[in-house]
Amino acid sequence: MGIRGFNLNAARAFVGRNVNLHLKDGSVLVNIYVADAKREVASGKPAIFYRSRSRKSSLKLLLREVDWMEKVSPLL
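Residues numbered from 1 in each chain as written. Predicted model: local features only at pLDDT ≥ 70, side-chain atom pairs only at ≥ 80, totals over all residues. Heavy atoms only, no water.

(A) Molecular detail of the sheet that holds strand β1 (residues 18-23). One open sheet holds the five strands; their spatial order is β4-β3-β2-β1-β5, and the pairing between them is antiparallel. Looking along the sheet, the strands with just one partner apiece sit at the ends: β4 (59-62) and β5 (66-71). Each adjacent strand pair in this sheet contributes to an overall mean axis angle of 50°, direction not counted. (Pairing = 2+ DSSP bridges. Helix = DSSP H or I, 4+ residues; strand = E, 2+ residues; numbered from the N terminus. Axes fitted to C-alpha atoms, helices over the stretch in contact; angles between N-to-C directions.)

Structure representation (structure tokens):
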């Protein structure tokens, strides 16, 4: 079960976990690792920093683009 009504505090609960990110445009980022959830220093907008299994560096996604998250097993 995922969380709807997403905000920064809800995103922080998923830090350190593998999740499926469901975006507002209908696409899904499957089995990504949430590295951090915080406000950007320059703009002050909340963002999620994540990594996929094939990448070592973090990517950024603004929180306003995320519809909801669901936790998945890291063993999949």
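The structure having been displayed, the exposition proceeds.
(B) A look at the confidence of the model for the chain. Scored by pLDDT, the chain has a mean of 85; 89% of the residues are at 70 or more. No element of the chain has a lower mean pLDDT than β5, which averages 89, and none a higher one than strand β3 (residues 46-51), which averages 92. (pLDDT = per-residue confidence, 0-100.)

(C) Highlighting the environment of alanine 47. Along the chain, the position of alanine 47 falls in strand β3. Looking at alanine 47, the relative accessible area reads 0%, which means it is buried. For the pair alanine 47 and arginine 64, spaced 17 residues apart in sequence, the C-alpha to C-alpha distance is 8.1 Å. In this structure alanine 47 touches Asp36, Ala37, Lys38, Glu40, Lys60, Leu61, Leu62 and Leu63, once residues within four positions along its chain are discounted. (Buried < 20%, exposed > 50% of the residue type's maximum accessible area, 1.4 Å probe, protein only. Contact = heavy atoms within 4.5 Å.)

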